Amino acid sequence: MFRNQYDSDVTVWSPQGRLHQVEYAMEAVKLGTATVGLKNRETAVLVALCKPTSELSASQRKIIPIDDHLGISIAGITADARVLSRYLRSECLNYKHSYDSTYPVSRLITNLGNKMQTTTQRYDRRPYGVGLLVAGYDENGPHVFQVTPSATFYNCKANSIGSRSQSARTYLGKNLDTFLDCSNDDIICHGILAILGSLPTDEHQSKENTAQFNITVAIVGKNQPFKILSEQENEKYLRMAKEKGAPADPPRNDDDDDRPSTSDQPDAGPRDPEVLVATEQRP
Amino acid sequence: MYNNYNCLAQPLWQNGPVPGEFYNFTGGQTHIQKLPRELTTAGPYGTKHSTAAITTGSSVLGIRYDGGVMLAADTLVSYGSLARYQNIERVFKINKNILLGGSGDFADIQSIKRSIDQKMIEDQCCDDNIEMKPKSLASWMTRVLYNRRSRMNPLYIDVVVGGVDTEGTPYLANVDLRGRSHEDYVIATGFARHLAIPLVREKKPKDRDFTAVEASELIRTCMEVLYYRDTRNISQYTVGVCSANGCGVEGPFQVNENWTFAETIKGY
């Protein structure tokens, strides 16, 4: 693994201006299975790939409902996600108790970002090793937010995180213009098609065999409380998606950017923070 | 200090570390609840809470109509039976969706008004075009007022919250000093509850809401009746109007005074 002179602690800067521990935490997101978030004019959708860790176990829950208007999909350390989701739930509940209305999504994410940031600035904490895609609906419409372990958050039009998520992002980027005017069925199909590309290559080829992989779909929007779709609905949309079109291309080689880095030498120069998929403008 | 051993001054739920809790470094994100000193610490002679309103505003009347709400209150703040301050507005614009009318202890109204104004500034600081809705403010008021009554230290106020929500639906509610709240098409506090509500209910068409014209006409007659019959009223009043088109406080207006009947009244 990495050996750096300046990665002993989260609070230690490298001379290049980087926080190595925080960057390592970002790598944890790429260990989780892929998940996609996207939205049309009135609805936000999350699609997650759940793979059982062994044939004997059930798959991990990838999508966590937070409140009626909001849910998250996770990639990374599940235990960290559980802590964050408990925090989000209690914040939403407190807000509802005080104000008799739902927590505005952008404010909740700012709040979460502030909480997560403190872990990157204190020697006795470590960053949360989980990336989140947040789908929510409030008076400003549907939202998809990406939250990273570095406590940065992006207000996305569509995005994907997790292992091999680059192909899903390519698919989303290609079809970005069509999303806004999609029907709800179509937007779910787009999500499924995007995520099919992030299946491991061998499973992708035998994707007729649905036992090999498992998707979870959640939807939230106008007059639609956050809902994780049932098994039957999943199959319906999976069939619909396959009729609709070709899934995203699987990654050409396995040294895809989004796999955890394995090289001994991390690239030397500082990287600019990259915005992966088009983000929303501030109002 | 043995003065702090006053068991009456112990707050209901705060103070002291929670058993089994971890030590928190300063600057951590774990919120250590800090209450205002007057809520936690006993003074040298124990703690005394206010038991009555001192400077008071009288009635507030609110009427909901088809496109919004109207709130009216006279501009008098009394000191006991003395008409002490005669030109003080008691209907406030909170933001572009919310009006607040306050009666009861005017110091407490000013205090809660400052807290609300601070919340509105925090809303604006988010810079996300989301403003508080009247329903949310009414809910928050019940929480605050109920909390204060549970500490045996209530705010002696009776407020009317009115406004429109995102869809332009009017909302009108009352929250009192114990944290009780209710919604209706007509809301009144103080003497207006006895004098104005029957007048408004009498005029309410069964099948529809009031129109703006009907509402303003009712406000005018009700403020007149209140002026004649409530000794803690004066003839000047302000009216707050909130609809989807905007929100503001108008006036001051003057009640139509007619004292010609006075000479017929004898025997007092």
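Residues numbered from 1 in each chain as written. Chains lettered and ligands numbered in written order. Predicted model: local features only at pLDDT ≥ 70, side-chain atom pairs only at ≥ 80, totals over all residues. Heavy atoms only, no water.

For chain B, the name recorded in an unreviewed UniProt entry is Proteasome subunit beta, with Drosophila rhopaloa as its organism. Among the UniProt annotations of chain B, the heading Function (unreviewed entry) holds the following wording: "Non-catalytic component of the proteasome, a multicatalytic proteinase complex which is characterized by its ability to cleave peptides with Arg, Phe, Tyr, Leu, and Glu adjacent to the leaving group at neutral or slightly basic pH. The proteasome has an ATP-dependent proteolytic activity." (UniProt positions renumbered as here; feature names shortened; annotations may be inferred.)

Chain A is annotated in an unreviewed UniProt entry as Proteasome subunit alpha type from Drosophila rhopaloa. Database annotation for chain A, UniProt heading Function (unreviewed entry): "The proteasome is a multicatalytic proteinase complex which is characterized by its ability to cleave peptides with Arg, Phe, Tyr, Leu, and Glu adjacent to the leaving group at neutral or slightly basic pH. The proteasome has an ATP-dependent proteolytic activity."

(A) Expanded view of the overall build of chain A. Along chain A, the regular secondary structure elements total seven helices and 10 strands. In chain A, which comprises 283 residues, the share counted as buried stands at 51%. Taking as baseline every contact in chain A between residues at least 6 positions apart, the subset at least 24 positions apart corresponds to 68%. Total accessible area on chain A stands at roughly 13,800 Å², and carbon and sulfur atoms take up 47% of it. (Helix = DSSP H or I, 4+ residues; strand = E, 2+ residues; numbered from the N terminus. Buried < 20%, exposed > 50% of the residue type's maximum accessible area, 1.4 Å probe, protein only. Contact = heavy atoms within 4.5 Å. Areas by Shrake-Rupley, 256 points an atom, 1.4 Å probe, with all protein chains shown as cover.)

(B) Expanded view of the overall build of chain B. Secondary structure summary: chain B contains six helices and 13 strands in total. With 268 residues in all, chain B has 44% of them scored as buried. For chain B, restricting intrachain contacts to residue pairs at least 6 apart in sequence, the fraction spanning at least 24 positions comes to 64%. For chain B, the accessible area works out to roughly 15,300 Å², and carbon and sulfur atoms hold 52% of it.

(C) View of the sheet that holds strand S11 (residues 186-189) of chain B. Residues and elements named next belong to chain B. Spatial ordering of the open sheet is given by S11-S2-S3-S12-S13, a layout of five strands whose pairing is antiparallel. In the strand order of this sheet, the two ends are held by S11 and strand S13 (246-254), each with one partner. The average angle at which neighbouring strand axes cross in this sheet is 15°, direction not considered. Of the strands in this sheet, strand S2 (60-65), strand S3 (68-74) and strand S12 (236-243) are in contact with helix H6 (residues 212-229), which crosses S3 at around 15°. (Pairing = 2+ DSSP bridges. Axes fitted to C-alpha atoms, helices over the stretch in contact; angles between N-to-C directions.)

(D) Here's a closer look at the UniProt feature "domain: Proteasome alpha-type subunits" (unreviewed entry) in chain A. On the UniProt side, "domain: Proteasome alpha-type subunits" (unreviewed entry) is annotated at positions that read residues 6-28 of chain A here. End C-alpha to end C-alpha, residues 6-28 of chain A measures 19 Å, and it is 39% helix and 0% strand.

(E) Here's a closer look at the interface of chain B and chain A. Of the residues lining the interface, 21 residues belong to chain B; the matching set on chain A comes to 20 residues. Interface area for chain B against chain A, summed over the two sides, is near 1,700 Å², with a carbon-plus-sulfur share of 42%. At the junction of chain B with chain A, the criterion picks out three salt bridges. If you list the elements that add at least two residues to the side of chain B that touches chain A, you get helix H2 (106-126) and helix H3 (134-150) of chain B. (Buried area = accessible area lost by both parts, 1.4 Å probe. Salt bridge = Lys/Arg side-chain N within 4 Å of Asp/Glu carboxyl O.)

(F) Local environment of the environment of B:Val144. Looking at the secondary structure, you find B:Val144 in helix H3. Overall, the relative accessible area of 21% leaves B:Val144 in the partly exposed class.

(G) Representation of the pattern of salt bridges in the model. Summed over the entire model, instances satisfying the criterion amount to 19 salt bridges over all chains. Residue B:Asp128 is joined to A:Arg107 by a salt bridge in which the shortest nitrogen-to-oxygen separation is 2.9 Å. Pair noted here: B:Asp128 is in the loop between H2 and H3 and A:Arg107 is in helix H3 (residues 105-118), and the two residues belong to different chains. B:Asp128 gets classed as buried once you look at its relative accessible area, which sits at 5%. Accessibility expressed as a relative area gives 13% for A:Arg107, which makes it buried. One salt bridge in this structure joins B:Glu217 and B:Arg220, with 2.9 Å as the shortest N-O distance. In this pair, B:Glu217 and B:Arg220 both sit in helix H6, three residues apart, roughly one turn of the helix. Exposure remark for B:Arg220: the relative accessible area of 39% places this residue in the partly exposed category. Through salt bridges with shared partners, a single ionic network connects A:Arg107, B:Asp123 and B:Asp128.

(H) Inspection of the packing of aromatic side chains at higher detail. One pass over the full model with this rule turns up 10 aromatic pairs over all chains. For the pair A:Tyr95 and A:Tyr103, a centre-to-centre distance of 4.5 Å together with 25° between the ring planes defines the contact as stacked. This pair shows no difference in class: A:Tyr95 is buried, exactly as A:Tyr103 is. Here the aromatic cluster, defined as three or more aromatic residues joined through ring pairs, consists of B:Tyr227, B:Tyr228, B:Trp259 and B:Phe261. The positively charged end of A:Lys115 is found above the aromatic ring belonging to A:Tyr87, 4.4 Å away from the centroid. Between the NZ or CZ atom of B:Lys113 and the centre of the ring of B:Phe92, over which it lies, the distance is 4.9 Å. (Phe/Tyr/Trp six-rings, centres within 6.5 Å; stacked < 30°, edge-to-face > 60°. Lys NZ or Arg CZ within 6 Å of the ring centre and 35° of its normal.)

(I) Fine view of the confidence of the model for chain B. All names here are of chain B. Chain-level statistics for chain B give a pLDDT mean of 87 and a share of 85% at 70 or above. Across chain B, strand S9 (residues 170-175) holds the top mean pLDDT of 97, while helix H1 (residues 37-40) sits lowest at 62. Reported confidences for the modelled complex are a pTM of 0.83 and an ipTM of 0.81. (pLDDT = per-residue confidence, 0-100.)

(J) How the structure looks around the sheet that holds strand S8 (residues 158-161) of chain A. All names here are of chain A. The antiparallel open sheet is built from five strands, whose spatial order is S8-S1-S2-S9-S10. Each of the sheet's edge strands pairs with one partner strand only, and the pair in question is S8 and strand S10 (224-228). Sheet twist, expressed as the average angle between the axes of neighbouring strands with direction ignored, equals 10°. Pairing of strand S1 (residues 35-39) with strand S2 (residues 43-50), which is carried by five bridges, proceeds in the antiparallel orientation. Residue pairing in the sheet places Leu38 in a bridge with Val45 of S2.

(K) Representation of the pairing of S9(B) in the model. Residues and elements named next belong to chain B. The buried fraction of S9 amounts to six of the six residues, a majority that puts the element mostly inside the structure. By the alternation rule, side chains of S9 split into Pro170, Leu172 and Asn174 and Tyr171, Ala173 and Val175, which are all buried. One ladder, built from six bridges, connects strand S8 (residues 157-164) with S9; its direction is antiparallel. By the bridge assignment, Val164 is partnered in S9 with Pro170. In textbook terms, the turn of a hairpin is the stretch between consecutive antiparallel strands, and for S8 and S9 this stretch comprises five residues, one of which, Gly168, has a positive phi near 85°. Judged from the three bridges that link them, S9 and strand S10 (residues 181-183) form a sheet pairing that is antiparallel. Directly across from Ala173, in S10, lies its bridge partner Glu183. Connecting the antiparallel pair S9 and S10 is a turn made up of five residues, with Gly179 showing a positive phi of about 90°.

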